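What the coordinates show
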Amino acid sequence: MKQAGKLIVMAGPSAVGKGTLASHIVANFDGFMLSVSATTRSPREGEIDGVSYIFLTEQQFNNRAETGQMLEWATVHGKHSYGTPRGPVEEGLASGLNVILEIDVQGAFQVKESFPEALLVFVKPPSFEELRARLDKRGTESEEDKRIRLETAKTELDQAHQFDFSVINDEVARCAQEVVDLVQTT
């Protein structure tokens, strides 16, 4: 019988580079898959439904959450719902893959409740100023959205101590190797 994979929950502030980090791990290390999150927000330029996110209406999202099809879900930044479809995560783990969830802090704690064996990894920026610069460089949010995200980031950074591990995303390849090493040694 194939050994089940590990569930790795990577969370941290908006624009810290969770997506880049997760994509790097999946592209460069065997045995990892990325869970595709669902959201009610509109696609950003270049995002593909089913690849970047699963884009749902509020009603579709709520239906899935109410029927147990979501492993975790939350309303983020007071605007849009985000969640993790349960089926693909369970299938990936059963097939022996290490499944990476790239989610928000609220969702990480929900996952830990239903999957106590999940490895919670908090992704930190090198500094708050660097986080602000990354958010500005991304250029996908209004000034008001950036303000909200930075306020949320302060709260999230204060919760890092509740995670199993914290890593600083100062250089993607180095940070990815650190996460992979954590998975292989725990």
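Now for a description of the structure that goes with this document. The structure presented is a predicted model; accordingly, all values stated were derived computationally and were not measured. (Residues numbered from 1 in each chain as written. Predicted model: local features only at pLDDT ≥ 70, side-chain atom pairs only at ≥ 80, totals over all residues. Heavy atoms only, no water.)

**What to know about the environment of alanine 108**
Note that alanine 108 resides in helix α4 (residues 105-114). For alanine 108, a relative accessible area of 0% translates into the label buried. Along the backbone, alanine 108 and glutamate 156 are 48 residues apart, and their C-alpha atoms lie at a distance of 11 Å. Sequence-distant contacts of alanine 108, defined by excluding residues within four places in its chain, comprise Val9, Ala11, Ile103, Leu120 and Phe163. (Helix = DSSP H or I, 4+ residues; strand = E, 2+ residues; numbered from the N terminus. Buried < 20%, exposed > 50% of the residue type's maximum accessible area, 1.4 Å probe, protein only. Contact = heavy atoms within 4.5 Å.)

**Details of the sheet that holds strand β9 (residues 165-168)**
Strand pairing in a sheet relies on backbone hydrogen bonds, with the paired strands running either antiparallel or parallel. The strand order across the open sheet formed by five strands is β2-β7-β1-β8-β9, and the pairing between neighbours is parallel. Of all the strands in the sheet, the pair left with one neighbour each is β2 (32-34) and β9. Ignoring strand direction, the axes of neighbouring strands in this sheet form an average angle of 25°. Bridge count for strand β1 (residues 7-11) against strand β8 (residues 119-124) is four bridges, and the pairing is parallel. (Pairing = 2+ DSSP bridges. Axes fitted to C-alpha atoms, helices over the stretch in contact; angles between N-to-C directions.)

**Structural notes on helix α5 (residues 128-138)**
Every α-helical turn comprises 3.6 residues, leaving residues that sit three or four positions apart pointing alike. Taken together, the buried positions of α5 are occupied by Phe128, Leu131 and Leu135. Angularly, the buried residues of α5 cover 55° about the axis, an arc narrow enough to put them on a single face. Residues of α5 that are exposed and point more than 90 degrees away from the buried face comprise Glu129 and Lys137. Against α6 (143-157) lie the buried residues of α5. Where α5 terminates, the next one or two residues include glycine 139, which has phi positive at roughly 65°. (Arc of directions from axis to C-beta.)

**Some details on the sheet that holds strand β4 (residues 54-55)**
Pairing in this open sheet of four strands is mixed, and the strands run β4-β3-β6-β5 from one edge to the other. Across the chains shown, the open sheet's two edge strands, defined by having one partner strand only, are β4 and β5 (70-76). Strand direction decides the pairing type here: strand β3 (residues 38-39) and β4, joined by two bridges, are parallel. Bridged to alanine 38 within β4 is isoleucine 54. On top of the sheet, helix α3 (residues 86-94) reaches β5 and β6 (80-85); it is set at about 30° to β6, its chief contact.

**A closer look at the packing of α5 against α6**
Running from amino to carboxyl end, α5 crosses α6 at an angle of 145°, the nearest separation of the two axes being 11 Å. Our pair here, α5 against α6, has a crossing hand that is right-handed. Two secondary-structure elements touch here, α5 through Phe128, Leu131, Arg132, Leu135, Asp136 and Arg138 and α6 through Lys146, Arg149, Leu150, Ala153, Lys154 and Leu157. (Left-handed = near helix turned anticlockwise from the far one by under 90°.)

**Regarding the pattern of salt bridges**
All told, the structure shown has ten salt bridges when counted by the stated rule. In this structure, lysine 112 and aspartate 164 form a salt bridge, with 3.2 Å as the shortest nitrogen-oxygen distance. Remark: aspartate 164 occurs in the loop between α6 and β9 and lysine 112 occurs in helix α4; sequence separation between them is 52 residues. With a relative accessible area of 37%, aspartate 164 lands in the partly exposed category. Among the salt bridges present, the one from arginine 174 reaches glutamate 178, with a minimum N-O distance of 2.8 Å. (Salt bridge = Lys/Arg side-chain N within 4 Å of Asp/Glu carboxyl O.)

Distances and angles like these do not, on their own, reveal function.
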